[in-house]
Amino acid sequence: MYLTYFNGNWAEGNAPLFGAMDHSVWLGSSVFDGARSLRGHMPDLRPHLQRVITSAERLGLVCPLSVDEMEQLVREGVAKFPADAELYIRPLVFGTDGLLIPVPEKSAFALTLFDAPMPPFTGFSACLSTLRRPDALMAPTDAKASSLYANTSKALREAKERGYDNAVVCDSAGHVAEFASANLFFVTPEGQVVTPVPNGTFLSGITRARVIALLAQEGVKVEERSVRPEELDSAIEIFNTGNYGKVTPCVRYEARTLPVGPIATLARDRYMAFSDSQ
């Protein structure tokens, strides 16, 4: 089920939003965010809504709604689904006017909610991509910009052609940035939990920050630093964090099979407990 709020109304299905001359359609001026409603619980909803406002500003757009107004709409929309639904919440801000530069005050807003069951905690496979993430001098990497996802899609297509589900993508200097579609964590042979330090080439996720904080509460310190790709070849655990699956283990990296390890399991358990408390 898809449910979209646009121009003051809720509509079911894939609601049309754009015209052929809208700036977002031919020049890519759109940003979005993703939050979750899990059986009525909405973890970190307001930070996700604030981020879409910030992302819009960084692309020269203006979100027409405040965080409070978006939250009210989200809760109104979630109430239209069954109480046990697992939903993806996607606010979208897009440019409608302008030639090369979007006209900020002509920015439009749509909110879509759709069924998206949480993936099972069984894991995914991944390989090292030949592609690189752009840095802040090349692209609007400080925003959750739709235009950045062409890079994501290309990395995922390459991985699937090689028989993998996802890809590890490096930055322009050759250090690990993240998975193509989520932030990356791993555990070294010595037991240190590591995640790439934010360096302007990838979005440091809200779920990422939440997992770091939850692990700290359990006495598990996460080290944020530059990561060489070859470090993943000896990792004893690899997992990702992101809005869609929250915490998901990587169970095959390149030719190696990996376990669903204790750190990923702890992170997932603590995150779901946090979610249930919201």
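So, here's what we can say about the structure.

Criteria and thresholds
What you see as residue numbers is a count from 1 along each chain, following the sequence as written. At least 70 in pLDDT is required for a residue's local features to be given in this predicted model, at least 80 for side-chain atom pairs to be given and counted, and no such filter applies to totals for whole chains, interfaces and linings, which use all residues. Excluding hydrogens and water, the side-chain values take into account all heavy atoms of the structure. Each helix corresponds to a stretch of at least 4 residues labelled H or I by DSSP, and each strand to a stretch of at least 2 residues labelled E; elements are numbered beginning at the N terminus. Radius of gyration here is computed from C-alpha atoms only, and the compact-globule reference equals 2.2 Å multiplied by the residue count raised to the power 0.38. Buried residues are those whose accessible area, probed at 1.4 Å on protein chains only, stays under 20% of the maximum for their type, while exposed residues exceed 50% and partly exposed ones sit between those limits. Contact between two residues is taken to exist if any of their heavy atoms lie within 4.5 Å; hydrogens are not considered. Charge counting treats Lys and Arg as positive and Asp and Glu as negative, with His and both chain ends excluded. Here the site of a charge means NZ on Lys, CZ on Arg, CG on Asp, or CD on Glu. Among the buried residues, those of types Ala, Val, Leu, Ile, Met, Phe, Trp, Tyr and Cys that are joined through side-chain atoms within 4.5 Å form a nonpolar core. Between rings of Phe, Tyr and Trp, where Trp is taken as its six-membered ring, a pair exists when centres lie within 6.5 Å; planes separated by under 30 degrees are stacked, by over 60 edge-to-face, and by other angles tilted.

So, the overall build of the chain
(1) Moving on: Assigned secondary structure in the chain consists of 6 helices and 15 strands.
(2) Moving on: Computed over the C-alpha atoms, the radius of gyration of the chain is 19 Å, within 12% of the 19 Å expected from 2.2 N^0.38 for a compact globule of 278 residues.
(3) Moving on: Summarising its shape, the C-alpha atoms of the chain cover approximately 55 × 40 × 30 Å along the three principal directions.
(4) Moving on: Here the chain holds 278 residues, and the buried ones make up 53% of them.
(5) Moving on: For the chain, the share of sequence-separated contacts (at least 6 apart) that also reach a separation of at least 24 residues comes to 71%.
(6) Moving on: Within the chain, the 32 negative side-chain charges are centred at a point lying 2 Å from the centre of the 26 positive side-chain charges.

Quick look at the nonpolar core
(1) Moving on: Counting residues in each nonpolar core, the largest one holds 32 residues, and the members touching the most others are Met70, Val74, Ile89, Val93, Phe109 and Leu111.
(2) Moving on: The set of elements that each furnish at least two residues to this core consists of β1 (2-6), α2 (45-58), α3 (67-78), β5 (86-94) and β6 (108-115).
(3) Moving on: In contact with Met70, not counting residues within four places along its chain, are Leu49, Val52, Ile53, Cys63, Leu65, Pro91 and Phe109.

So, the packing of aromatic side chains
(1) Moving on: Overall, the coordinates contain 9 aromatic pairs when judged by the stated rule.
(2) Moving on: A ring pair is formed by Phe32 and Tyr149, whose centres lie 5.3 Å apart and whose planes are at 55°; its orientation type is tilted. Of this pair, Phe32 sits in strand β3 (residues 30-32) while Tyr149 sits in helix α4 (residues 149-161), and the two are 117 residues apart along the sequence.
(3) Moving on: According to the relative accessible area criterion, Phe32 is buried, its value standing at 13%.
(4) Moving on: The partly exposed category is assigned to Tyr149, whose relative accessible area is 31%.

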